[in-house]
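Fold and geometry: a report
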Amino acid sequence: MKFLLSILLLWILSFSVSATEIPSRIEISYAVSTDIGQGEINEVMEIKHINGGHSYTINSEAQASGVFKIIEPNSIVRHSEGTITKQGLRPTRAYEKRGKKEPGLAVFDWKNHVITLQHKGHQVQEKLPEGTLDRLSLSYNFMFAPLPEHHLDRYVTNGHSLQLSHYKVTEEVISTPIGKMETVVLTRQEEKNSKLKRKLWLALNNHMLPVRIVSVEDNGREIDKIVTGINISYKA
């Protein structure tokens, strides 16, 4: 309990520093384990100062390695872009592209409160709830926004649907290839008998960066990615 109560205070203290020392570039590498093979993910977040505010882009590329690359030779590319507000990240566009397949695209129209989703040649528009994130921006959002103490409710899009996700907030010390880390853990609460799963570990003492993510996707495949390297740059 004391640990969770300290999260907000630590975030406030760290944000007062980051307001003047926001990183300009963050590079994170992950090792990936699945039930059928191994892989790696490289993610880059770039932050730019524009018109008195900040914009961001996040690019993520996942590739199989070893024998698994013979089975799955194509990469998976994810992208999110938008602005940074006092409430966190506010995406304007996000997509996911698997190999040569047509990408799934989400366009956020905050002025008219409409989100446009394009997937497999179909396009739908839905009401855009305040605070909606895509899955990639969700992982980095809490660099800039405080977490609730026990539970988090947030609309999240995966590019072809929009769902209200409920997360339980806990804490855990985990071991990674780059050392032990104190983390805040977000565990998505699933429907009874659901095979889906999503759990995020955010580094409490390193900008609340995502250092581990475990998920079970629609196809039933479990994916576990854990950090192997972090490089943070500040604009001189």
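Everything numeric in this text was worked out from a predicted model, so none of it was measured.

Once that is clear, we can look at the overall build of the chain. In terms of helices and strands, the chain carries 3 helices and 15 strands. Within the chain, the fraction of its 236 residues that count as buried is 41%. Intrachain contacts of the chain at a sequence separation of at least 6 include 43% that bridge at least 24 residues. Total accessible area on the chain is roughly 13100 Å²; 51% of this is exposed by carbon and sulfur atoms.

A word on the side chain of R198. One can find R198 in strand 13 (residues 197-203). On the basis of relative accessible area, R198 is assigned to the buried category, the value being 8%.

Here we come to the side chain of E96. Relative to the helices and strands, E96 is located in strand 5 (residues 88-98). Engagement of the side chain of E96 in a polar contact is seen with the side chain of R78, the distance being 2.9 Å. At 2.8 Å, the side chain of E96 and the side chain of R98 are in polar contact. Those residues in contact with E96, other than ones at most four positions away along the chain, are I76, V77, R78, P103, G104 and R135.

Right, let's talk about the packing of aromatic side chains for a bit. As enumerated under the stated definition, the model contains 1 aromatic pair in all. With 6.1 Å between their ring centres and 15° between their planes, F108 and W110 make a pair best called stacked. Owing to a relative accessible area of 5%, F108 belongs among the buried residues under this scheme. Accessibility expressed as a relative area gives 10% for W110, which makes it buried. In this structure, R212 is placed above the aromatic ring of W201, and the distance from its NZ or CZ to the ring centre is 4.5 Å. Against the face of Y30 rests K225, its NZ or CZ located 4.5 Å from the ring centre.

This part is about the environment of S24. Tracing the backbone through its elements, the reader meets S24 in the loop between helix 1 (2-18) and strand 1 (25-34). In this structure the C-alpha to C-alpha distance between S24 and H49, which are 25 residues apart in sequence, comes to 8.8 Å.

Now for unusual backbone geometry. Note: most peptide bonds trans; most residues except glycine with negative phi. With a phi angle near 60°, H113 is a residue other than glycine that sits in the positive phi range. Turning to its location among the elements, H113 is positioned in the loop between strand 6 (104-109) and strand 7 (114-119). One non-glycine residue with positive phi stands out, namely H207, at about 60°. Mapped onto the elements, H207 comes out in the loop between strand 13 and strand 14 (210-216).

In this section: the confidence of the model for the chain. On average, the chain scores 87 in pLDDT, and the residues at 70 or more come to 88%. Element-level mean pLDDT values for the chain span from 45 in helix 1 up to 98 in strand 9 (residues 133-134). Taken as a whole, residues 7-19 scores under 50 in pLDDT and shows 11 contacts with residues more than four places along the chain or in a different chain.

For the rest of this paragraph, the subject is the environment of S215. Within the fold, S215 resides in strand 14. The class of S215 is buried, set by a relative accessible area of 5%. For the pair S215 and T34, spaced 181 residues apart in sequence, the C-alpha separation works out to 9.9 Å. Setting aside chain neighbours within four positions, we find S215 in contact with K197, R198, R221, E222 and I223.

Conventions used here
- Think of each chain on its own: its residues are numbered from 1, step by step along the sequence as written.
- Only residues with pLDDT of 70 or above have their local features reported here, since the model is predicted, and side-chain atom pairs are shown and tallied only from 80 upward, although totals for entire chains, interfaces and linings are computed over all residues.
- As a rule here, side-chain values cover all heavy atoms of the structure and leave hydrogens and water aside.
- Under the scheme used here, helices are H or I runs from DSSP no shorter than 4 residues and strands are E runs no shorter than 2 residues, and both carry numbers assigned from the N terminus.
- Buried, partly exposed and exposed residues are distinguished by accessible area as a fraction of the type maximum, computed with a 1.4 Å probe on protein chains only: under 20%, between the cut-offs, and over 50%, respectively.
- Working rule for contacts: check all heavy atoms of both residues, and any pair within 4.5 Å makes them a contact.
- The method behind every accessible area is Shrake-Rupley, applied with a 1.4 Å probe, and residues are considered shielded solely by the protein chains displayed.
- Any pair of nitrogen or oxygen atoms within 3.5 Å is treated as a polar contact; in protein, a donor-acceptor pairing is required on top of that, and neighbouring residues in sequence qualify only through side-chain atoms on both sides.
- Classification of ring pairs rests on two measures: the distance between centres of Phe, Tyr or Trp rings, Trp counted by its six-membered ring, which must be within 6.5 Å, and the angle between planes, read as stacked under 30 degrees, edge-to-face over 60 and tilted in between.
- Sitting over a ring, as applied to charges here, requires NZ of Lys or CZ of Arg to be within 6 Å of the ring centre and within 35 degrees of the ring normal.
- As a per-residue quantity, pLDDT reports the predictor's confidence and falls between 0 and 100.

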